[in-house]
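Structure assessment
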Amino acid sequence: MTVHLEVADGVGTLRLDRPPMNALDVATQDRLKELAEEATRRTDVRAVVIYGGEKVFAAGADIKEMQAMDHTAMVLRARALQEAFTAVARIPKPVVAAVTGYALGGGCELALCADYRIAADNAKLGQPEILLGLIPGAGGTQRLARLIGPSRAKDLIFTGRQVRADEALTLGLVDRIVPAAEVYEQAHAWAAKLAQGPALALRAAKEAVDTGLETDIETGLAVERNWFAGLFATEDRERGMRSFVEEGPGKAKFL
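Residues numbered from 1 in each chain as written. Predicted model: local features only at pLDDT ≥ 70, side-chain atom pairs only at ≥ 80, totals over all residues. Heavy atoms only, no water.

Moving on to unusual backbone geometry. The omega angle of the peptide bond from Pro 19 to Pro 20 is 5 degrees, so this bond is cis rather than trans. At Asp 9, a position not held by glycine, the phi torsion is positive, near 55 degrees. Mapping Asp 9 onto the fold places it in the loop between β1 (3-8) and β2 (11-16). Within the chain, Asn 22 stands out as a residue other than glycine whose phi angle is a positive 55 degrees. (Helix = DSSP H or I, 4+ residues; strand = E, 2+ residues; numbered from the N terminus.)

Here's what the structure looks like:
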């Protein structure tokens, strides 16, 4: 298998395993979708790390495989490609990308599907599809612009240039830079901390933010309002407020 789901301490690690560069071929895309949906269903998975290993996150699509596809083949495949990445983006739990080495093309688009990105100090990210006479096809034109703004996204997409970790941090493409040897450890620690939080409230927060970015503010406020009121029916809300009153802030233990 080219992608594995490993679960420990409430954290599910989606581990890409297609050496040497974790090229995202059709089989890997389909497996990624399958495991993202499994992580969504499993109650023992409360947060997720996306990881490609110590040397590389994912260097992009399998170009040799794509070269053999004609227009008809890609018309049939393009939706499945996007659906695989969307399955990751819609995991209703905190998701962090642990980015080592290259995250290019589809690799960068996969990192964009996470809620938070921790990058190695030697990481390089980019959307080089224009150099192949293409554009990003797995969500890059949409998620990148929403994350870093349209003009910055167009710079990366129009030029196809790679950015090092420090520039990626400045652009807002990654959220934290750490030594390469610590990327997975810190990503897992981030996920493990959130895995101890109130699962339904975290799901609500993620859905409210993501929905708000995709619609007008009135609709976003309605989603927020409905989730906010609905959480008053949960045991986690009762537990959290009771702990605050009796013990002070930040001491609640959630199931």
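What follows picks up the thread again.
A few words now on the pairing of strand β4 (residues 95-99). The element β4 is extensively covered by neighbouring structure, given that five of its five residues are classed as buried. The alternating pattern of β4 places Val 95, Ala 97 and Val 99 on one face and Val 96 and Ala 98 on the opposite face, and all of these are buried. Sheet analysis places strand β3 (residues 47-51) next to β4, joined by four bridges and oriented parallel. Bridge assignment links Val 48 to a residue of β4, and that residue is Val 95. (Buried < 20%, exposed > 50% of the residue type's maximum accessible area, 1.4 Å probe, protein only. Pairing = 2+ DSSP bridges.)

Spatially, β1-β2-β3-β4-β6-β9 is the arrangement adopted by the six strands of the open sheet, whose pairing is mixed. Strand pairing shows two members of the sheet lacking a second neighbour, β1 and β9 (176-178), which therefore form its edges. Mean inter-strand twist for the sheet, computed between neighbouring axes without regard to direction, equals 20 degrees. Lying over the sheet, helix α1 (residues 26-41) contacts β1, β2 and β3, oriented at roughly 25 degrees with respect to β1. (Axes fitted to C-alpha atoms, helices over the stretch in contact; angles between N-to-C directions. Contact = heavy atoms within 4.5 Å.)

Before going further, it helps to spend a moment on the pattern of salt bridges. The full count for this structure, using the stated rule, is 11 salt bridges. Between Arg 18 and Asp 62 there is a salt bridge whose closest N-O contact spans 3.1 Å. Placement of Arg 18 in the loop between β2 and α1 and of Asp 62 in the loop between β3 and α2 (63-67) is noted, with a sequence separation of 44 residues between them. Judged by relative accessible area, Arg 18 falls into the partly exposed class, the value being 23%. For Asp 62, a relative accessible area of 16% translates into the label buried. The structure contains a network of salt bridges with shared partners spanning Arg 18, Asp 25 and Asp 62. (Salt bridge = Lys/Arg side-chain N within 4 Å of Asp/Glu carboxyl O.)

What the three strands build is an open sheet, ordered β5-β7-β8; its pairing is mixed. Single-partner strands in this sheet number two, and they are β5 (102-104) and β8 (162-164). Here the strands of the sheet are splayed against their neighbours by 20 degrees on average, with no regard to which way each runs. Of the strand pairs in this sheet, strand β7 (residues 124-126) and β8 are connected by three bridges, and their pairing is antiparallel. Bridge assignment links Gly 126 to a residue of β8, and that residue is Gln 162.

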